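The residues making up each chain are set out below.
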Amino acid sequence: MSTATGAPALSLVVPVYNVAAFLPRCLESLASAPAAATEVILVDDGSTDECPAILAEWTRAHPNAHVIRQDNGGLSAARNTGIEQARGRYLAFVDSDDYFDPGYHERLVALSEAHALELAIGNASYHFEGRRSDLPLYSDQPPAGVIRGADLLRYRLRNRNLLHMVWMHVYRREWLERQALRFVPGLIHEDVPWTTRVLLLAKRACYDATPGYHYRQRVRRYAPQEQDRRLGAIIDSSIHNARALDALAGGLADDAELQRLLRWQLV
């Protein structure tokens, strides 16, 4: 369904960068979303392969989708662009080398509507491209029903089982904008402080254990110089993320257990 103002119910933000081999499968998933209720924002982050041509052809047949092309700024910058352009009542992210089952996001939106959620959290599967059987990311049983995000964070950190991937979340967009949240451009593993912060802020969250998003486990090979550059970026990002988590822990003086758990996550 669409909102009363005519805006779509859901905005799907999809950063795209040099994933031509995997993009058609992702677009097939996006085509399964109800067009009247979904806007698809494809942020081409300066791709140099066949992605621009693939996107141009696909969007001609899908008027609920549009492409924003920008100079390469990384995944965080592309996600930020999508957030700024989104109009939906709810917002979710999709990585362009992944795919999802029909109805995955609609189920989380319906859960959010039914319980006035700020954050609905889904489940996903690791997709090993046939090298081995796919596995669910989560097999635990958190408390059922509506829960504070901080208590879900506490549960997962107690069990040493917190995964930070933002594409498992559906956000109430008005709430997300009220928090003024944005990703930090240039970081790798930028999901870590984002997801921790989102869980601490959410007063009404709920988890749906049904896997429906497929997280592709690509075999990646890097030339030595590129590997050195990537490792340098990981080190810089890890330092930033550790400082961000320490700052979040510092704000939890009234919750000694969660403060301790966040510092465990930091380490």
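Coordinates for the structure precede this section.
All values reported here derive from a predicted model rather than from experimental measurement. In this numbering scheme, every chain counts its residues from 1 along its sequence in written order. Two thresholds apply to this predicted model, a pLDDT of at least 70 for residue-level local features and 80 or more for giving and counting side-chain atom pairs, whereas whole-chain, interface and lining totals are computed over all residues. Heavy atoms from the whole structure form the basis of all side-chain values; hydrogens and water molecules are not counted.

### Section: the side chain of S76
Turning to step 1, where the next piece is worked out: For S76, the location among the structural elements is in helix α3 (residues 75–85).
Turning to step 2, where the next piece is worked out: When checking whether two residues touch, look at their non-hydrogen atoms; a contact exists if any pair is within 4.5 Å. In this structure, S76 is in contact with F183, V184, P185, L187 and E190, ignoring residues within four places of it in sequence. Helix and strand definitions follow DSSP, with helices as H or I runs of at least four residues and strands as E runs of at least two, each counted in order from the N terminus.

### Re helix α4 (residues 104–115)
Turning to step 1, where the next piece is worked out: Compared with an ideal rise of 1.5 Å per residue, which puts 12 residues at 16 Å, α4 spans 17 Å between its outermost C-alpha atoms and is within 8% of the ideal.
Turning to step 2, where the next piece is worked out: Among all positions of α4, only Y104, H105, L108, V109, L111 and S112 are buried. Along the long axis of α4, the arc covered by the buried residues comes to 155°, so they all point the same way.
Turning to step 3, where the next piece is worked out: Looking at the buried residues of α4, the elements they touch are β1 (10–16), β4 (90–93), β5 (99–100), β6 (119–127), β8 (169–172) and β9 (205–216).
Turning to step 4, where the next piece is worked out: One or two steps after α4, the chain reaches A116, where phi turns positive at roughly 50°. A helix's residues, less one, multiplied by 1.5 Å, set its expected span. Here's how the labels work: a residue is buried when its accessible area is under 20% of the maximum for its type, exposed when over 50%, partly exposed in between, all with a 1.4 Å probe on protein chains only. Directions are taken from the helix axis to each C-beta atom, and the arc is the one they span.

### Examining the layout of surface pockets
Turning to step 1, where the next piece is worked out: Both site types are read off a 1 Å grid over the protein atoms alone. A 1.4 Å probe that fits but cannot get out defines a cavity, while an open set with protein on both sides within 12 Å along at least five of seven lines defines a pocket; lining residues have an atom within 4 Å of a point. Grid points are joined across faces, edges and corners, and a volume is the space filled by probe spheres set on the points. Quantified by volume, the largest pocket comes out at close to 1500 Å³.
Turning to step 2, where the next piece is worked out: In terms of lining, the largest pocket is formed by 43 residues, of which the most central are L75, I188, E190, R220 and R230.
Turning to step 3, where the next piece is worked out: When residues of the lining of the largest pocket are assigned to their parent elements, the largest contribution, eight residues, is made by helix α8 (residues 224–250).
Turning to step 4, where the next piece is worked out: Under the convention adopted here, Pro, Cys and the residues Ala, Val, Leu, Ile, Met, Phe, Trp and Tyr are nonpolar, Asp, Glu, Lys and Arg are charged, and Gly plus all remaining residues are polar. Grouping the constituent residues of the lining of the largest pocket by class yields 17 nonpolar, 13 polar and 13 charged.
Turning to step 5, where the next piece is worked out: In this structure, the second largest pocket spans a volume of roughly 180 Å³.
Turning to step 6, where the next piece is worked out: Around the second largest pocket, the lining comprises 14 residues; the ones closest to its centre are R148, A150, L200, L252 and L258.
Turning to step 7, where the next piece is worked out: For the lining of the second largest pocket, the element with the highest residue contribution is helix α7 (residues 191–201), accounting for three residues.
Turning to step 8, where the next piece is worked out: Residues belonging to the lining of the second largest pocket are distributed by class as follows: seven nonpolar, two polar and five charged.

### Side note on the packing of helix α5 (residues 149–158) against helix α9 (residues 256–266)
Turning to step 1, where the next piece is worked out: With axes taken as lines fitted to C-alpha atoms, and helix axes fitted only over the stretch in contact, angles between N-to-C directions fall between 0 and 180 degrees. Following both chains from N to C, one finds α5 and α9 inclined at 55°, their axes separated by 10 Å at the closest point. The angle between α5 and α9 places the two elements in the oblique class. Our pair here, α5 against α9, has a crossing hand that is left-handed. Residues A150, L153, R154, L157 and R158 of α5 pack against E257, L258, L261, L262, W264 and Q265 of α9.
Turning to step 2, where the next piece is worked out: Residue classes in the contact of α5 with α9 are distributed as seven nonpolar, one polar and three charged. Any angle between 65 and 115 degrees counts as roughly perpendicular, while under 35 counts as roughly parallel, over 145 as roughly antiparallel, and the rest as oblique. Two helices cross in a left-handed way if the nearer one is turned anticlockwise from the farther one by less than a right angle. They cross in a right-handed way if the turn is clockwise.

### Details of the nonpolar core
In globular proteins that are soluble, nonpolar side chains generally tend to be buried together.
Turning to step 1, where the next piece is worked out: In these notes, a set of buried Ala, Val, Leu, Ile, Met, Phe, Trp, Tyr and Cys residues joined through side-chain atoms within 4.5 Å is what counts as a nonpolar core. By size, the foremost hydrophobic cluster in this structure holds 75 residues, and its most contacted members are L30, L42, F93, M168, Y171 and W194.
Turning to step 2, where the next piece is worked out: Those residues in contact with L42 that sit more than four places away from it in its chain are V14, V16, L27, L30, L55, W58, T59, A65, H66, V67 and I68.

### Here's the deal with empty space enclosed by the protein
Turning to step 1, where the next piece is worked out: Throughout the structure, instances matching the rule amount to one cavity of 30 Å³ or more.
Turning to step 2, where the next piece is worked out: In this structure, the largest cavity occupies an estimated 60 Å³ of space.
Turning to step 3, where the next piece is worked out: Taken together, I121, Y138, L152, R156, L162, L163, M168, H169, T195 and L199 form the lining of the largest cavity.
Turning to step 4, where the next piece is worked out: Counting only elements with at least two residues in the lining of the largest cavity, the list comes to α5 and α7.

### A word on the environment of D71
Turning to step 1, where the next piece is worked out: Tracing the backbone through its elements, the reader meets D71 in the loop between β3 (65–69) and α3.
Turning to step 2, where the next piece is worked out: For D71, a relative accessible area of 69% gives the class exposed.
Turning to step 3, where the next piece is worked out: Spatially, the C-alpha atom of D71 lies 20 Å from that of E226, the residues being 155 residues apart in sequence.
Turning to step 4, where the next piece is worked out: Apart from the residues lying within four places of it in its own chain, the contact partners of D71 are D45 and G46.

### Section: the state of the cysteines
Turning to step 1, where the next piece is worked out: Cysteine sulfur pairs qualify as disulfides if the two atoms are within 2.5 Å. Here the structure, examined in full by the defined rule, presents zero disulfides.
Turning to step 2, where the next piece is worked out: Left without a disulfide partner, C51 is nearest to the cysteine sulfur of C26, which lies 10 Å away.
Turning to step 3, where the next piece is worked out: Owing to a relative accessible area of 0%, C51 belongs among the buried residues under this scheme.

### Describing α5
Turning to step 1, where the next piece is worked out: Of all 10 residues making up α5, eight are buried, and the element is well covered by its neighbours.
Turning to step 2, where the next piece is worked out: By the burial criterion, the buried members of α5 are G149, A150, L152, L153, R154, Y155, R156 and L157.
Turning to step 3, where the next piece is worked out: On its buried side, α5 packs onto β6, α7, β9 and α9.
Turning to step 4, where the next piece is worked out: Just past α5, the residue R160 takes up positive phi, approximately 55°.

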